[in-house]
Amino acid sequence: MFTPVTLRGDLVHLEPMTMDHVDALCSAASEDRSLYMYTNVPNGRVDTERYIEGALMSYEKGRAVPFVVRHIETGRIVGTTRFLDLEVFSWPPPWPPGVASGPSPSDEKPPTVAEIGSTWYAASVIRSGVNTESKLLLLTHAFETWKATRVSLKTDARNLRSRSAILRLGAAFEGIRRVHVPASDGGIRDTAYYSILAEEWPAVRANLQERLQRGPNRR
């Protein structure tokens, strides 16, 4: 397992998720449910409890690092995000290849590749800079602390708002995986894949820092 860590920014702190966050996350998710047509966002207290329990089970297995997003100015929990699909590359490579087939990631064996996902925010902080700084904090940790070689992001191919946000980060579009996984609306979704490589990180970091400096009305 990883040692719990808080990632601190100017607008938000990303804090380790715990069961103590049930009520705060439930409140954040209730502001405007229409935002979450293509996103798995818990609805109600019981659903939020299950959501957090699942995230913590993945954390205990060393395959995810879930955070809650605390808005510094208000002190409110305004959403959640996490690292997932963490994989340590090893040679000779395990066969067949795939997630959870190599050594378990840890502080001593940080992941070679990671994904940022399961991200959602309360309606009140959309386009406020919260997502931009959250991604900057996560990507900085992945590339500069873990020394990862790739960070992936993916979303329902129909989720144009999410796809636009990922492109604004500076991630490269990789393609669509068709009929990939069950969708949150009861169907089967196509998934759009994006990635950032270690050699691309300096330019992505500069882009995110510039967007934060411009302020929320000019991003």
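Everything discussed here concerns the structure shown above.
What counts and what doesn't
Residues numbered from 1 in each chain as written. Predicted model: local features only at pLDDT ≥ 70, side-chain atom pairs only at ≥ 80, totals over all residues. Heavy atoms only, no water. Phe/Tyr/Trp six-rings, centres within 6.5 Å; stacked < 30°, edge-to-face > 60°. Helix = DSSP H or I, 4+ residues; strand = E, 2+ residues; numbered from the N terminus. Buried < 20%, exposed > 50% of the residue type's maximum accessible area, 1.4 Å probe, protein only. Contact = heavy atoms within 4.5 Å. Polar contact = N/O pair within 3.5 Å; in protein donor to acceptor, adjacent residues only side chain to side chain. Pairing = 2+ DSSP bridges. Patch = residues over 30% accessible without salt bridge, like charges linked within 9 Å, V, L, I, M, F, W, Y side chains within 5 Å. Areas by Shrake-Rupley, 256 points an atom, 1.4 Å probe, with all protein chains shown as cover. Salt bridge = Lys/Arg side-chain N within 4 Å of Asp/Glu carboxyl O. Axes fitted to C-alpha atoms, helices over the stretch in contact; angles between N-to-C directions. Left-handed = near helix turned anticlockwise from the far one by under 90°. Nonpolar A, V, L, I, M, F, W, Y, C, P; charged D, E, K, R; others polar. Core = buried A, V, L, I, M, F, W, Y, C linked by side-chain atoms within 4.5 Å.

Draft legend 1. Local environment of the packing of aromatic side chains. What the rule picks out here adds up to seven aromatic pairs. Between Phe 67 and Phe 83, the ring centres sit 6.2 Å apart and the planes meet at 75°, which makes this aromatic pair edge-to-face. You can see Phe 67 sitting in strand β3 (residues 64-71) and its partner Phe 83 sitting in strand β4 (residues 77-87), a full 16 residues away along the chain. Judged by centre distance (5.5 Å) and plane angle (25°), the rings of Phe 143 and Trp 201 are stacked. In this pair, Phe 143 sits in helix α3 (residues 130-145) while Trp 201 sits in helix α5 (residues 201-214), placing the two residues 58 residues apart along the sequence. Residues Phe 143 and Trp 201 agree in their burial class; the two are buried. Ring pairing ties together the aromatic residues Phe 2, Phe 67, Phe 83 and Trp 146, which thus form one cluster.

Draft legend 2. Quick look at the environment of Thr 81. In this structure, Thr 81 sits in strand β4. The contacts of Thr 81, once residues within four sequence positions are left out, are Leu 14, Val 65, Pro 66, Phe 67, Val 69, Ile 116, Gly 117, Ser 118, Thr 119 and Leu 138. Looking at Thr 81, its side chain comes within polar contact range of the side chain of Thr 119, at 2.6 Å.

Draft legend 3. Focus on the sheet that holds β3. A sheet is described by the order of its strands in space; here eight strands give the open sequence β1-β2-β3-β4-β5-β6-β8-β7, paired in mixed fashion. Two strands close off the open sheet at either side, each with one partner strand: β1 (7-8) and β7 (172-182).

Draft legend 4. Expanded view of a nonpolar patch on the surface. A surface patch of nonpolar side chains, about 270 Å² in accessible area, is lined by Leu 167, Phe 173 and Ile 176. In this fold, Leu 167 is placed in helix α4 (residues 160-169). Look at Leu 167 and you get partly exposed, because its relative accessible area is 47%.

Draft legend 5. Just the packing of helix α1 (residues 22-29) against helix α2 (residues 45-60), in detail. Contact pair α1 / α2: the axes reach a minimum separation of 9 Å and the direction vectors enclose 115°. α1 and α2 meet at a crossing whose hand is right-handed. Counted together, Val 22, Asp 23, Leu 25 and Cys 26 of α1 and Arg 45, Thr 48, Glu 49 and Ile 52 of α2 form the full contact between these two elements. When grouped by side-chain class, the residues that make up the contact of α1 with α2 number four nonpolar, one polar and three charged.

Draft legend 6. Spatial organisation of the pattern of salt bridges. Within the structure shown, the criterion is met by 12 salt bridges. Connected via shared salt-bridge partners are Asp 23, Arg 45 and Glu 49.

Draft legend 7. Highlighting the nonpolar core. Membership of the largest hydrophobic core comes to 36 residues, with the highest contact counts inside it found for Leu 14, Phe 83, Leu 139 and Trp 146. For this core, the leading source of residues is α3, giving seven residues. Not counting the four nearest positions on each side in its chain, Trp 146 is found in contact with Phe 2, Val 65, Phe 83, Leu 86, Pro 110, Pro 111, Ala 114 and His 141. Grouped together as the second largest cluster of nonpolar side chains are 15 residues, Leu 25, Ala 28, Ile 52 and Ala 55 included.

Geometry only, nothing functional implied.
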